[in-house]
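Descriptive analysis of the structure
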Amino acid sequence: MRIIGGEARGRRINLPRGCRIRPTADRVKESLFDILHPVEGVRFLDIFAGCGNCGLEALSRGARRAVFIEKEPRLVKAIGENLRLLGFEGRAEVIAADAERGVRRLAQREERFDILFADPPYGEGFLPEIMKLLEGANLLAENGVFVLQHSVREQLAGSCVQAMVMADQRRYGDTVLSFLKQHAEAENP
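Now for a quick tour of the structure. (Residues numbered from 1 in each chain as written. Predicted model: local features only at pLDDT ≥ 70, side-chain atom pairs only at ≥ 80, totals over all residues. Heavy atoms only, no water.)

Time to look at helix α5 (residues 126–137). Relative to the 16 Å expected for twelve residues at 1.5 Å per residue, α5 spans 16 Å between its end C-alpha atoms, a close match to the ideal helical length. Every buried residue of α5 is listed here: F126, L127, I130, M131, L133, L134 and A137. An end-on view of α5 places all buried positions within 165° of arc, on one side of the element. Exposed side chains of α5 directed beyond 90 degrees from the buried face belong to K132 and G136. For α5, the elements touching its buried residues are β1 (43–47), α4 (99–108), β4 (113–118), β5 (140–151), β6 (164–172) and β7 (175–182). N138 occupies a position one or two residues after α5 and carries a positive phi of about 55°. (Helix = DSSP H or I, 4+ residues; strand = E, 2+ residues; numbered from the N terminus. Expected span 1.5 Å × (residues − 1). Buried < 20%, exposed > 50% of the residue type's maximum accessible area, 1.4 Å probe, protein only. Arc of directions from axis to C-beta. Contact = heavy atoms within 4.5 Å.)

Given below as structure tokens:
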């Protein structure tokens, strides 16, 4: 795995051996950031961060700040090490918690993010749960976008909450990127 754009382009992302994660593929990550372009100056939240692949990419491309939520201790350590090796420590925070506790902590601090990115494990029923959690947390900044990476076999139809609407959706093999916005902002994706 590597950073594919920005100041750290071509640098490797370290991943602990034996971790059972499914990092975002380079072609999906490249498409994601082409769609989100530009990300300079944004606040980026990486939920279910894994090794931090997407949040690190956002920092490399000029994000002002990135917060990573990950519960697996070895992955939390790897994110911290990757931040140090890439020189992004001062612009990032790693929250060692499951998605619910991490999101609630940020909500208590009244944090707002321009981009919320969530890549929950495929096929484990997280879609409705993460949608409701994020609606209640109110973490999305004005004109922000929530990007949900999920399997093509997981449909968002019954998962979308009242405050969010689908602005765009792209498929890459088994992977789907769903872009959601607040109802009032969805007319201008």
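Turning to its location among the elements, Y172 is positioned in strand β6. Y172 sits in the buried class, given a relative accessible area of 13%. For the pair Y172 and V103, spaced 69 residues apart in the sequence, the C-alpha separation amounts to 28 Å. Y172 has contacts with R27, V28, S31, I35 and L177, leaving out every residue within four places of it along the chain.

Applying the stated rule across the entire model yields 15 salt bridges. Here R2 ties to D26 by a salt bridge, and the two come within 3.6 Å at their closest N and O atoms. Placement of R2 in the segment before α1 (26–36) and of D26 in helix α1 is noted, with a sequence separation of 24 residues between them. Residue D26 is classed as partly exposed on the basis of its relative accessible area, which comes to 25%. In this structure, the salt-bridge partner of R65 is E93, at a minimum N-O distance of 2.7 Å. Here R65, found in strand β2 (residues 65–70), pairs with E93, found in strand β3 (residues 92–96); they are 28 residues apart in sequence, far enough to count as distant. (Salt bridge = Lys/Arg side-chain N within 4 Å of Asp/Glu carboxyl O.)

Quick look at the packing of aromatic side chains now. Inspection of every chain in the model, using the stated rule, returns two aromatic pairs. With a centroid separation of 6.2 Å and an interplanar angle of 25°, the aromatic rings of F33 and F44 are classed as stacked. Pair noted here: F33 is in helix α1 and F44 is in strand β1, with a separation of eleven residues, a long-range link. Residue class for F33 comes out buried when judged on its relative accessible area of 2%. Ring geometry for F44 and F117: centres 6.3 Å apart, planes at 25°, overall stacked. Residue F44 is located in strand β1, and its partner F117 is located in strand β4; the two are separated by 73 residues in the primary sequence. As far as the burial class goes, F44 and F117 line up, both buried. (Phe/Tyr/Trp six-rings, centres within 6.5 Å; stacked < 30°, edge-to-face > 60°.)

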